[in-house]
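Residue strings, one per chain:
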Amino acid sequence: MSAETVIAVAATVIALGSLWVSWAQTRATRLHNRQSVRPLLQIRRIRQDDGVGLKLVNAGLGPAVVTRTVVRLDGAAAGEWNREVKGAIFAPGLRPKTYSLRAGSVVLAGQETFLVLLDRSGSTGPDRLQEFWHLIDRRLVIEVEYESLYGGEGFCVSSATPGGS
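Residues numbered from 1 in each chain as written. Predicted model: local features only at pLDDT ≥ 70, side-chain atom pairs only at ≥ 80, totals over all residues. Heavy atoms only, no water.

Novice: Tell me what's going on with the overall build of the chain, and back it up with residues and numbers.
Specialist: A count of helices and strands for the chain gives three helices and nine strands. Scaling as 2.2 N^0.38, a compact globule of 165 residues should have a C-alpha radius of gyration of about 15 Å, whereas the chain reaches 25 Å, well beyond that. Expressed along its principal axes, the backbone C-alpha trace of the chain runs to roughly 95 × 30 × 30 Å. Burial statistics for the chain: of 165 residues in total, 35% are counted as buried. (Helix = DSSP H or I, 4+ residues; strand = E, 2+ residues; numbered from the N terminus. Rg over C-alpha atoms; globule rule 2.2 N^0.38 Å. Buried < 20%, exposed > 50% of the residue type's maximum accessible area, 1.4 Å probe, protein only.)

What follows is the structure, given as structure tokens:
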């Protein structure tokens, strides 16, 4: 084997190694960029003396783009989290504060908002708060499907209790 052949083989091996390193570095950079804008939605149950509700929190680093919502009452699908479904779920005379989520809605990083809140304002007494807590804790499930700005991840968060409904 001549010296020129050895040099050519060595140059080819070095070039292939450099190509692999560049590819791996590009892949790691893309993953880092996606993680740097990853949203992390959580639905928290809030039960305090002055009110009860479900709070949506984006604890991630980037905005969450809502792609779909699903509401279930006693295990049966009731529709999306919008005005019509809310009217069908809550008892007449019960007017909790609500926040609708439609496809395309954006939840900014660090944003916190109540999906539903019943507070002691007006004539809401402790018994009504207890009934409402039972509704949102045991019977009502809100699922929110979302993605980052990059799209296509299919993240999902649910108000269902782990191991529960």
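Novice: Can you break down the pattern of salt bridges residue by residue, with the values?
Specialist: This structure, assessed with the given rule, holds seven salt bridges. The partner of aspartate 137 in a salt bridge is arginine 45, and the shortest N-O contact between them spans 2.7 Å. Of this pair, aspartate 137 sits in helix α3 (residues 126–139) while arginine 45 is found in strand β1 (residues 41–48), placing the two residues 92 residues apart along the sequence. By relative accessible area, aspartate 137 is classed as buried at 10%. (Salt bridge = Lys/Arg side-chain N within 4 Å of Asp/Glu carboxyl O.)

Novice: Kindly report on the packing of aromatic side chains, identifying the contributing residues and their values.
Specialist: Taken as a whole and assessed by the stated rule, the structure comprises two aromatic pairs. Aromatic side chains phenylalanine 90 and phenylalanine 132 sit 5.8 Å apart centroid to centroid with 40 degrees between the ring planes, which places their arrangement in the tilted category. Here phenylalanine 90, found in the loop between α2 (83–89) and β5 (97–98), pairs with phenylalanine 132, found in helix α3; they are 42 residues apart in sequence, far enough to count as distant. Of the two residues, phenylalanine 90 and phenylalanine 132, both sit in the buried class. Considering the side-chain rings of tyrosine 146 and phenylalanine 155, the 5.4 Å spacing of their centres and the 40 degrees angle between planes classify their relative orientation as tilted. You can call tyrosine 146 buried: its relative accessible area is 3%. One residue, arginine 38, lies across the ring of phenylalanine 155, its end atom 4.2 Å from the ring centre. One Lys or Arg, lysine 86, reaches over the ring of tryptophan 81 and ends 5.1 Å from the middle of that ring. (Phe/Tyr/Trp six-rings, centres within 6.5 Å; stacked < 30°, edge-to-face > 60°. Lys NZ or Arg CZ within 6 Å of the ring centre and 35° of its normal.)

Novice: Before we move on, could you go through α3 and cite the residues and values that matter?
Specialist: With 14 residues, α3 should reach 20 Å at 1.5 Å per residue; the first-to-last C-alpha distance of 19 Å fits that figure. Taken residue by residue, α3 has Leu129, Phe132, Trp133, Leu135, Ile136 and Asp137 as its buried positions. Where α3 is buried, its residues meet β1, β2 (51–58), β3 (64–73), α2, β7 (112–119) and β8 (140–147). (Expected span 1.5 Å × (residues − 1). Contact = heavy atoms within 4.5 Å.)

Novice: Mind laying out the nonpolar core, listing which residues take part and the relevant values?
Specialist: Here is a general trend for soluble globular proteins: nonpolar side chains tend to be buried in one another's company. Counting residues in each nonpolar core, the largest one holds 30 residues, and the members touching the most others are Leu41, Trp81, Ile89, Phe132 and Val144. Residue assignment for this core shows that the elements contributing at least two residues are β1, β2, β3, α2, β7, α3, β8 and β9 (155–158). The dominant element in this core, judged by the number of residues it contributes, is α3, at five residues. If we skip the residues at most four places from it in the chain, tryptophan 81 touches Thr69, Val71, Lys86, Ile89, Phe90, Thr98, Tyr99, Ser100, Leu101, Leu115, Val116 and Ile142. (Core = buried A, V, L, I, M, F, W, Y, C linked by side-chain atoms within 4.5 Å.)

Novice: I'd love a proper account of the environment of alanine 15, names of residues and values included.
Specialist: Inspection of the secondary structure assignment puts alanine 15 in helix α1 (residues 3–36). Take alanine 15: its relative accessible area is 46%, and that puts it in the partly exposed class. Along the primary structure alanine 15 and serine 2 are separated by 13 residues, whereas in three dimensions their C-alpha atoms are 20 Å apart.

Novice: Can you tell me about the pairing of β7, naming the residues and giving the values?
Specialist: With six of eight residues buried, β7 is to be regarded as a mostly interior element. When β2 meets β7, the two strands line up antiparallel, connected through seven bridges. Bridge pairing in β7 links lysine 55 to phenylalanine 114. (Pairing = 2+ DSSP bridges.)

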